[in-house]
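Residue-level listing of the chains:
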Amino acid sequence: MITPKEIEVYCEAHSSPSPAIFSALDSETRSHAPGAWHMQVGSLEGRFLSLFARGIGAVRVLEFGTFTGCSTLHVALSLPENGKITTLDRDPAALSIAKKFWEQAGVTHKVESLLGDATASSERLEKEIRSGTRPHFDFAFIDADKRAYPAYFERALACVKKGGWILVDNVLWSGRVLNPRDPSDHALHRFNELRKSDQRVEQVILPIRDGVMLCLVL
Ligand SMILES: C[S@@+](CC[C@H](N)C(=O)[O-])C[C@H]1O[C@@H](n2cnc3c(N)ncnc32)[C@H](O)[C@@H]1O
């Protein structure tokens, strides 16, 4: 989180509220993963993702990093009835919580969840797209293993249509990209540097929560 807590609270209080189910999902996630519940995108970024999906008229969405399903649910709720979010994660325990809440929210038919390593799963998706058995995605949201961001990004580029979007979470890494020390700090800083000169996209970093990079695929 890079914005002051009071600013985050103010923004949440002056944004359209998230449906009540998110409080129950948050409580269950906190008891399931007391040291990792903060990995959820949370209310403000969740609202951003759902409005973004609605704003671009997204029908097909690819997500790297499901966890207990918070961001997936925000997006799924704003997809049309024929829409689908394909979400990748390797954690079966977190996924079983996610599935319970997708069911409760009535969006199970809008979610395709692939359990396993996200690099391998996305490689399969890319092959299906190349062979014409699966359509391109309208946007991708990257929020899994930070050191694998360059690989996820290349995969997302291959899977998202031209004129589509790639959103990348945590690109400010609690501000540690300013003075990188450990391998994750360096990985994110390097990722941001690479995108700056990447002619395949046009991008902007927004200081929402932990930093969200918004890339238009050219
Ligand atoms: C930050 S959390 C995702 C949070 C989620 N977007 C939300 O809003 O709740 C990151 C997730 O990436 C998953 N992950 C990390 N490395 C992975 C890998 N190599 N393959 C698949 N999933 C991975 C973790 O299991 C974790 O659930």
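Just so it is clear, the model here is predicted, and its values are computed rather than measured. (Residues numbered from 1 in each chain as written. Predicted model: local features only at pLDDT ≥ 70, side-chain atom pairs only at ≥ 80, totals over all residues. Heavy atoms only, no water.)

Enquirer: Help me get a handle on the side chain of aspartate 143, residues and values and all.
Expert: By the secondary structure assignment, aspartate 143 is in the loop between β4 (137-142) and α7 (149-159). In this structure aspartate 143 comes out as buried when scored by relative accessible area, which is 13%. Separated by 3.2 Å, the side chains of aspartate 143 and lysine 146 make a polar contact. (Helix = DSSP H or I, 4+ residues; strand = E, 2+ residues; numbered from the N terminus. Buried < 20%, exposed > 50% of the residue type's maximum accessible area, 1.4 Å probe, protein only. Polar contact = N/O pair within 3.5 Å; in protein donor to acceptor, adjacent residues only side chain to side chain.)

Enquirer: Describe the environment of glutamate 202, listing the residues and the values that go with them.
Expert: By secondary structure assignment, the location of glutamate 202 is in strand β6 (residues 201-206). The class of glutamate 202 is exposed, set by a relative accessible area of 54%. In this structure glutamate 202 touches Leu214, Cys215, Leu216 and Leu218, once residues within four positions along its chain are discounted. (Contact = heavy atoms within 4.5 Å.)

Enquirer: Describe in detail the sheet that holds β6, supporting the description with residues and values.
Expert: With mixed pairing, seven strands are arranged side by side in an open sheet as β3-β2-β1-β4-β5-β7-β6. The open sheet has two edge strands with one neighbour each: β3 (111-115) and β6. Along the sheet, successive strands turn relative to each other by an average axial angle of 15°, direction set aside. In terms of strand pairing, β6 meets strand β7 (residues 212-217) through six bridges, oriented antiparallel. Considered in β7, the bridge of glutamine 203 is made with cysteine 215. The sheet contacts of helix α5 (residues 92-105) involve β2 (84-89) and β3, and relative to β3 the element is tilted by about 170°. (Pairing = 2+ DSSP bridges. Axes fitted to C-alpha atoms, helices over the stretch in contact; angles between N-to-C directions.)

Enquirer: Please provide a residue-by-residue account of the site of the ligand, values included.
Expert: Neighbouring residues of the ligand: 18 residues in total, closest Ser71, Asp89, Asp117, Ala118 and Asp143. Here aspartate 143 contributes a side-chain N or O atom positioned 2.8 Å from a nitrogen atom of the ligand. (Near = heavy atom within 4 Å.)

Enquirer: Please set out the packing of aromatic side chains residue by residue, giving values where relevant.
Expert: The tally for this structure, following the rule as stated, stands at seven aromatic pairs. Taking the centre distance of 6.2 Å and the plane angle of 35° together, the rings of phenylalanine 48 and phenylalanine 52 count as tilted. One end of the pair, phenylalanine 48, and the other, phenylalanine 52, are both in helix α3 (residues 42-55), four residues apart, so they sit about a helical turn from each other. Residue classification places phenylalanine 52 among the buried positions, given a relative accessible area of 11%. Measuring from ring centre to ring centre gives 6.4 Å for tyrosine 149 and tyrosine 152, while their planes differ by 50°; the resulting arrangement is tilted. Taken as a pair, tyrosine 149 and tyrosine 152 lie in helix α7 at a separation of three residues, close to a single helical turn. Each member of the pair, tyrosine 149 as well as tyrosine 152, carries the same accessibility label: buried. An aromatic cluster is defined as three or more aromatic residues linked by ring pairs; in this entry it consists of Phe64, Tyr149, Tyr152, Phe153 and Phe191. Of note, arginine 30 hangs over the ring of tryptophan 37, and the distance from its end group to the ring centre comes to 3.6 Å. Positioned above the aromatic ring of phenylalanine 153, the side-chain terminus of arginine 195 is 4.0 Å from the ring centre. (Phe/Tyr/Trp six-rings, centres within 6.5 Å; stacked < 30°, edge-to-face > 60°. Lys NZ or Arg CZ within 6 Å of the ring centre and 35° of its normal.)

Enquirer: Tell me what's going on with the environment of glutamate 12, and back it up with residues and numbers.
Expert: Take glutamate 12: it is sitting in helix α1 (residues 5-13). Put simply, glutamate 12 and serine 43 are 31 residues apart on the chain and 7.1 Å apart in space, counted from C-alpha to C-alpha. Not counting residues within four places of it along the chain, the set of residues in contact with glutamate 12 comprises Ser43 and Leu44.

Enquirer: Hey, could you go over helix α4 (residues 70-78) for me, with residue numbers and the actual values?
Expert: Most of α4 is tucked away, with eight of its nine residues classed as buried. Regarding α4, the residues found buried are Cys70, Ser71, Thr72, Leu73, His74, Val75, Ala76 and Ser78.

Enquirer: Give me the packing of helix α2 (residues 21-32) against α5: which residues, what numbers.
Expert: In contact at an axis separation of 11 Å, α2 and α5 are set at 165° when each is read in the N-to-C sense. It follows from the interaxial angle that α2 and α5 lie roughly antiparallel. Here α2 and α5 pass one another in a crossing that is right-handed. Taking contact as the criterion, the partners of Ile21, Ala24, Leu25, Glu28 and His32 in α2 are, on α5, Ala93, Ala94, Ile97, Lys100, Phe101, Gln104 and Ala105. (Parallel < 35°, antiparallel > 145°, perpendicular 65-115°, else oblique. Left-handed = near helix turned anticlockwise from the far one by under 90°.)

Enquirer: Requested: an account of the nonpolar core, with residues and values cited.
Expert: Ranked by internal contacts, the top residues of the largest apolar core, which has 31 residues, are Leu62, Phe64, Ile142, Tyr152, Phe153, Ile166 and Val168. No other element matches the six residues that α7 contributes to this core. Among residues more than four places away in sequence, those in contact with isoleucine 142 are Phe64, Tyr149, Tyr152, Phe153, Ala156, Ile166, Leu167, Val168 and Asp169. If you look at the next biggest cluster of nonpolar residues, it comprises 28 residues, including Leu49, Cys70, Val75 and Val212. (Core = buried A, V, L, I, M, F, W, Y, C linked by side-chain atoms within 4.5 Å.)

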